[in-house]
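# Understanding the architecture of this molecule
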Amino acid sequence: SENSFVHVSYLNTNDFGKVACNGLIYIKNNEAIVFDTPTDSEVSNELLKWLTQDKNCKVNAVVINHFHIDCLGGLQTFHDAEIPSYANNETIQLAKNDGVAVPQNGFDVQNELEVGGAKVLNRHFGEAHSKDNIISYIPNEGLIFGGCMIKSLNGQKGNLEDANVKEWSNTVQNIKENYPNLKTVVPGHGKHGTSKLLDYTIKLFKTK
C-alpha cells in the first residue's frame, strides 16, 4: 500500500539453497518501523539509506520476529544507527545463546509501538515455527506480518529445526480468531496475500 512495503533479501542455506526472506516496513508521517532486518549488514545499510534519504523518514524501531538469522542478520547495523530494537523475551534469550546481535527491549506477551501517530501491536500467540515467534499487526492497514510462522499459498513447511509442529495450527487459528478482518498477510517467505494464508498454514500443519 502507500504506507507499507515488503523488503526482500537473500540467504544462502545448505538445505534450501538461496532463499528470499521477507521483512516489512511501515511508514507514517515521515516515521518508519522496520519488521525484521535484511539478512546481513550490507543490505541493512542499503535499506536504512533508502528510508532516511529517499523516503526522508526517521526510523523509530526495528521489531524482530524470532531468533533466526533471516530475522536479525543485520541487527547490529540498526544498533549502530541508534535505532532501538524490540523482541519477545524468549527471542532475546535465544539470540544470546546463539552469540548473535541481541535485541534490546523485551516483552512477554504484547508490546505496542507508535509510528507517526499510528499504533503497531507486536504479540506472541504461542509456539509454531519457533517457540519465540510473534506477529506484528498494523490496525490502520489491516495488515499482519507473520514471519516464518505463516506460509505463502502452496508454500512448503520449510525449516522445522526449532518448530513445534503439534501446536502450529492452534497458534495460527488463535491469530485468525483475534484478527477476523485482515486485508493483508505477509509471510516470512514467498508472496503476501489475504487471510487465506492463515487458512493454508492451519491446514498444512493440522495434526490428526
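Our structure is the block above this text.
The structure displayed is predicted, hence computed values, not measured ones.

Cut-offs applied
- Residues numbered from 1 in each chain as written.
- Predicted model: local features only at pLDDT ≥ 70, side-chain atom pairs only at ≥ 80, totals over all residues.
- Heavy atoms only, no water.
- Core = buried A, V, L, I, M, F, W, Y, C linked by side-chain atoms within 4.5 Å.
- Buried < 20%, exposed > 50% of the residue type's maximum accessible area, 1.4 Å probe, protein only.
- Helix = DSSP H or I, 4+ residues; strand = E, 2+ residues; numbered from the N terminus.
- Contact = heavy atoms within 4.5 Å.
- Pairing = 2+ DSSP bridges.
- Axes fitted to C-alpha atoms, helices over the stretch in contact; angles between N-to-C directions.
- Disulfide = S-S within 2.5 Å.
- Polar contact = N/O pair within 3.5 Å; in protein donor to acceptor, adjacent residues only side chain to side chain.
- Expected span 1.5 Å × (residues − 1).
- Arc of directions from axis to C-beta.

## Considering the nonpolar core
- Membership of the largest hydrophobic core comes to 19 residues, with the highest contact counts inside it found for Val-34, Leu-51, Val-62, Ile-64 and Phe-78.
- Put simply, the parts of the chain that give this core at least two residues each are strand S2 (17–28), strand S3 (31–35), helix H1 (41–54), strand S4 (58–63), helix H2 (69–72), helix H3 (75–80) and helix H4 (89–98).
- Here the element with the most residues in this core is H1; it accounts for three residues.
- Once residues lying within four places of it in the same chain are set aside, the contact partners of Val-62 are Val-34, Thr-37, Leu-75, Phe-78, Ile-83, Pro-84, Ser-85 and Tyr-86.
- Core analysis: the second largest hydrophobic core is formed by 18 residues, Ile-144, Met-149, Ile-175 and Leu-198 among them.

## A word on the sheet that holds strand S5 (residues 85–88)
- Strand order in the open sheet formed by six strands is S1-S2-S3-S4-S5-S6, and the pairing between neighbours is mixed. Across the chains shown, the open sheet's two edge strands, defined by having one partner strand only, are strand S1 (4–13) and strand S6 (105–107). With strand direction ignored, the average angle separating the axes of adjacent strands in the sheet is 25°.
- Examined bridge by bridge, S3 and S4 share five bridges and lie parallel to one another. Across the sheet, residue Glu-31 finds its bridge partner in S4, namely Lys-58.
- Those strands touched by H1 are S1, S2, S3 and S4, and its axis lies near 25° from that of S2.
- Where H4 meets the sheet, its contacts fall on S5 and S6, and the angle it forms with S5 comes to roughly 100°.

## Here's the deal with the state of the cysteines
- Under the defined criterion, the tally for this structure stands at zero disulfides.
- Its sulfur unpaired, Cys-21 is 7.1 Å from the next cysteine sulfur, which belongs to Cys-148.
- The buried category is assigned to Cys-21, whose relative accessible area is 2%.

## Digging into the sheet that holds strand S11 (residues 184–187)
- Taking strand neighbours across the sheet as the criterion, the five strands line up as S7-S8-S9-S10-S11 in an open arrangement whose pairing is mixed. The sheet is open, and its two borders are formed by strand S7 (110–115) and S11, each paired with just one other strand. The sheet shows a mean angle of 20° between the axes of neighbouring strands, taken without regard to direction.
- Looking at chain direction, strand S9 (residues 135–138) and strand S10 (residues 143–147) are connected through three bridges and run antiparallel. Each residue of the ladder has a partner; that of Ile-138, found in S10, is Leu-143.

## Things to note about the side chain of Asn-122
- Residue placement: Asn-122 occurs in strand S8 (residues 118–123).
- In terms of polar contacts, Asn-122 uses its side chain to reach the side chain of Asn-111, at 2.8 Å.
- Here Asn-122 is in contact with Phe-35, Val-63, Phe-107, Val-109, Gln-110, Asn-111, Leu-113, Ile-134, Ile-135 and Ser-136, once residues within four sequence places are set aside.

## Quick word on helix H5 (residues 165–178)
- Over its 14 residues, H5 runs 21 Å from end to end, which matches the ideal 20 Å to within 8%, given 1.5 Å per residue.
- Turning to H5, its buried residues number three or more, namely Trp-168, Ser-169, Thr-171, Val-172 and Ile-175. An end-on view of H5 places all buried positions within 165° of arc, on one side of the element. Turned more than 90 degrees from where H5 packs its buried face, Lys-166 and Glu-177 sit exposed.
- You can read the cap of H5 off the contacts: a side-chain oxygen lies 3.3 Å from the backbone nitrogen of Lys-166, and it is on Asn-164.

## Some thoughts on the environment of Ser-44
- On the secondary structure map, Ser-44 appears in helix H1.
- Taking the C-alpha atoms as reference points, Ser-44 and Thr-207, 163 residues apart in sequence, are found 38 Å from one another.
- Not counting the four nearest positions on each side in its chain, Ser-44 is found in contact with Thr-37, Pro-38, Gly-74, Thr-77 and Phe-78.
- Within polar-contact distance, the side chain of Ser-44 engages the backbone oxygen of Asp-40 at 2.8 Å.

## Looking at the environment of Ser-152
- Summarising the element assignment, Ser-152 is placed in the loop between S10 and H5.
- The exposure class assigned to Ser-152 is buried, which follows from its relative accessible area of 12%.
- In this structure the C-alpha to C-alpha distance between Ser-152 and Pro-38, which are 114 residues apart in sequence, comes to 19 Å.
- The residues touching Ser-152, leaving out its near neighbours within four places in the chain, are Pro-187, His-189, Gly-190, Lys-191, Leu-197 and Tyr-200.

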